[in-house]
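Each chain, written out:
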Amino acid sequence: MIKGLSKFFTAIVQKFLPDPLVFAMILTLIMFVSGIIFTGHTPIDMIGFWGKSFWNLLAFGMQMALILVTGSALASSPPVKRILEKIASLPKTPAQAIMLVTFAAAVANIVNWGFGLIVGALLAKEVAKKVPRTDYRLLIASAYIGFMTWHGGLSGSVPLLAATKGNPMEKAIGLIPLSQTIFAPYNIFITVALIVILPLMTRMMMPKDEDVVEIDPALLAADAIAATSTDTAIEKTFAVRVENSRVIAWLIGILGISYMVCYFMNNGTMDVNAVNMIMFFAGIILHGSPLSYMQAVVNGAKGTAGIMVQFPFYAGIQGMMDLSGLGGMITSGFVSISNVHTFPVLAFLSSGLINFFVPSGGGHWVVQGPFIMPAAQALGADMGKAAMAIAYGEAWMNMAQPFWALPALAIAGLKVRDIMGFCVTTLIVGALIFGVGLALF
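Residues numbered from 1 in each chain as written. Predicted model: local features only at pLDDT ≥ 70, side-chain atom pairs only at ≥ 80, totals over all residues. Heavy atoms only, no water.

## Brief notes about the overall build of the protein
For the protein, the count of helices and strands is 23 helices and 0 strands. Based on the C-alpha atoms only, the size of the protein along its principal axes is roughly 70 × 50 × 45 Å. Sorting the 441 residues of the protein into buried and exposed places 53% on the buried side. Restricting the contact set of the protein to residue pairs at least 6 apart, pairs at least 24 apart contribute 80%. Per element, the accessible surface of the protein, about 19000 Å² overall, is 71% carbon and sulfur. Positive and negative charge centroids in the protein, built from 24 and 20 side chains respectively, lie 5 Å apart. (Helix = DSSP H or I, 4+ residues; strand = E, 2+ residues; numbered from the N terminus. Buried < 20%, exposed > 50% of the residue type's maximum accessible area, 1.4 Å probe, protein only. Contact = heavy atoms within 4.5 Å. Areas by Shrake-Rupley, 256 points an atom, 1.4 Å probe, with all protein chains shown as cover. Lys, Arg positive; Asp, Glu negative; His and termini not counted. Charge placed at Lys NZ, Arg CZ, Asp CG, Glu CD.)

Quick look at the structure:
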């Protein structure tokens, strides 16, 4: 059944899903028209909301680009490549390969979503080289499917924000400790269930032998070129020696890592900037020279075009939904038909719907928090579970929203339509896992 569903959705996606940039443009137009029809705002109002918000994700977009670049550079360092190659050598069959990548990505995303998103894609690429007759599309999809665990993990933005002083909802509802969200029994159940079930599910999605698409030899050739070191035959001038100096690389790397140690000793949190800084300076140390690291950065930066162009459109979409009040209307509609028992599941579904237009965990807390959390409080619902329902809906609907797949696809050299059929199939299984966890605990 799962294999049939994945084949069906893959065929549909291949025919009808446009490039992510076009998808973002279509969502922009849908949001523009919806705001006029359902909120009473004029076209001029909606244009203003859109334009005012268009550049709101510049800093965030830079963070995402750095996740891709620093992650790629770190993974291309000789020590990390050796580790990935060893792990990639463990599976002996395509089924084992698919399950390994899904499991590793799911666990890595629990530790940190930025780390997991990049490492999962890189591991999938290495496995594709090692295990013949493994479907490359499904391998990369499996790495992205593992991303579904992130919001229940240690870097989940909604539970971390809800527990942080000064967050937008603190005055209205107070703080929600992590013991009621990340470390609550229902979240542990959901997270463990995802780790166990997702690898089994991706294994069942494996295509028939005649339908398998292996890794493109051109990608292997590109990796070989990227791994080529600097020409050792060039004259060892002062400039060349400095560019390849291990001492400079190690000293700068030690400075950066020392700062991060002090940062965490002073109760710093693991956020996007912390992940980027760790990967940045660890990459410099492991590459062993400034020039080698810069070459790795150049290779990684080639995949950031989609992030640079598409993030402004999603910022505009988020602005139209937030400033027009449409996000509140959608959420309020779900809340109005719920009770204390059905509230978490309906909040989860509303979050999934809004994720099409606001594909950001932190953005969900800003857009949905003011509606979901007071309603949960009025109904007497579990506040921690209400916050996590917002988080789960975002993580779940990422499987149908290509926004977060961009870094993985850039590393893999694939297009969004190559993997989204598998990911959409995951929505069905994911909905059951999240629904059971929210309803039974």
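## A few points about the environment of G288
Mapping G288 onto the fold places it in the loop between helix 15 (272-287) and helix 16 (290-301). Along the chain, G288 and R246 lie 42 residues apart, while their C-alpha atoms are 5.1 Å from each other. Residues within four places of G288 in sequence aside, it is in contact with N244, S245, R246, A249 and W250.

## Details of the packing of helix 11 (residues 185-204) against helix 21 (residues 383-397)
Two numbers describe how helix 11 lies on helix 21: the axes approach to 10 Å, and their chain directions differ by 25°. By the angle between their directions, the pair helix 11 and helix 21 is classed as roughly parallel. When helix 11 is examined against helix 21, the residues Y186, N187 and I190 are found in contact with a partner set consisting of G384, K385, M388 and Y392. Taken together, the residues that form the contact of helix 11 with helix 21 break down as 4 nonpolar, 2 polar and 1 charged. (Axes fitted to C-alpha atoms, helices over the stretch in contact; angles between N-to-C directions. Parallel < 35°, antiparallel > 145°, perpendicular 65-115°, else oblique. Nonpolar A, V, L, I, M, F, W, Y, C, P; charged D, E, K, R; others polar.)

## Overview of the nonpolar core
As a rule of thumb, nonpolar side chains are buried together in soluble globular proteins. Of all hydrophobic cores here, the largest spans 121 residues; its most connected members are Y144, F343, W365, M373 and I419. With sequence-adjacent residues up to four places away left out, I419 is seen in contact with R137, I140, A141, Y144, A405, L409 and L414. F281, I284, Y293 and V297 belong to the second-largest nonpolar core, a separate cluster that totals 8 residues. (Core = buried A, V, L, I, M, F, W, Y, C linked by side-chain atoms within 4.5 Å.)

## Quick word on the pattern of salt bridges
The full count for this structure, using the stated rule, is 5 salt bridges. Residues K81 and E126 are paired through a salt bridge, measuring 3.6 Å at the closest nitrogen-oxygen approach. Separated by 45 residues along the polypeptide, K81 in helix 5 (residues 78-88) and E126 in helix 7 (residues 113-130) bring together distant segments of the chain. Linked through salt bridges whose partners overlap, the residues forming this network are K81, E126 and K129. (Salt bridge = Lys/Arg side-chain N within 4 Å of Asp/Glu carboxyl O.)

## A few points about the packing of aromatic side chains
In total, this model carries 18 aromatic pairs according to the counting rule given. Grouped by ring-pair contacts, the aromatic residues W113, Y144, F147, W150 and W404 constitute a single cluster. The lysine or arginine in question, K385, covers the ring of Y186, its NZ or CZ lying 5.5 Å from the ring centre. (Phe/Tyr/Trp six-rings, centres within 6.5 Å; stacked < 30°, edge-to-face > 60°. Lys NZ or Arg CZ within 6 Å of the ring centre and 35° of its normal.)

## Description of the packing of helix 5 against helix 7
Taken N-terminus to C-terminus, the directions of helix 5 and helix 7 make an angle of 55°; their axes are 9 Å apart at the nearest point. As the angle between them shows, helix 5 and helix 7 are arranged oblique. As helix 5 runs across helix 7, the sense of the crossing is right-handed. On helix 7, the residues touching K81, L84, E85, I87 and A88 of helix 5 are L122, L123, E126, V127 and K130. Grouping the constituent residues of the contact of helix 5 with helix 7 by class yields 6 nonpolar, no polar and 4 charged. (Left-handed = near helix turned anticlockwise from the far one by under 90°.)

## What about the side chain of S157?
Topologically, S157 is positioned in helix 9 (residues 157-162). For S157, a relative accessible area of 18% translates into the label buried. Separated by 3.3 Å, the side chains of S157 and H151 make a polar contact. For S157, the contacting residues outside a window of four places in its chain are W150, H151, G361 and G362. (Polar contact = N/O pair within 3.5 Å; in protein donor to acceptor, adjacent residues only side chain to side chain.)

## Here we look at helix 7
In this model helix 7 runs 26 Å from its N-terminal to its C-terminal C-alpha over 18 residues, within 8% of the 26 Å that 1.5 Å per residue would give. Most of helix 7 sits inside the fold, with 14 of its 18 residues counted as buried. (Expected span 1.5 Å × (residues − 1).)

## A few points about the side chain of T134
You can see T134 is positioned in the loop between helix 7 and helix 8 (136-145). We classify T134 as buried; its relative accessible area is 3%. A distance of 3.0 Å separates a polar side-chain atom of T134 from the backbone oxygen of V131. Ignoring any residue separated from it by four or fewer positions in sequence, one finds T134 in contact with P94, A97, I98, L139, V212, V213 and E214.

## Quick word on helix 21
Taking 1.5 Å as the rise per residue, helix 21 with 15 residues should run 21 Å; its terminal C-alpha atoms sit 22 Å apart, in good agreement. With respect to burial, helix 21 is a largely interior element, 15 of its 15 residues being buried. Sitting at the head of helix 21, D382 places a side-chain oxygen 2.9 Å from the backbone nitrogen of G384.

## Some details on the confidence of the model for the protein
Reading predicted coordinates in detail is not appropriate for stretches of low pLDDT. For the protein, the mean per-residue pLDDT works out to 87, and 95% of the residues sit at or above 70. Averaged pLDDT values over the elements of the protein bottom out at 64 in helix 12 (residues 217-226) and peak at 97 in helix 11. (pLDDT = per-residue confidence, 0-100.)

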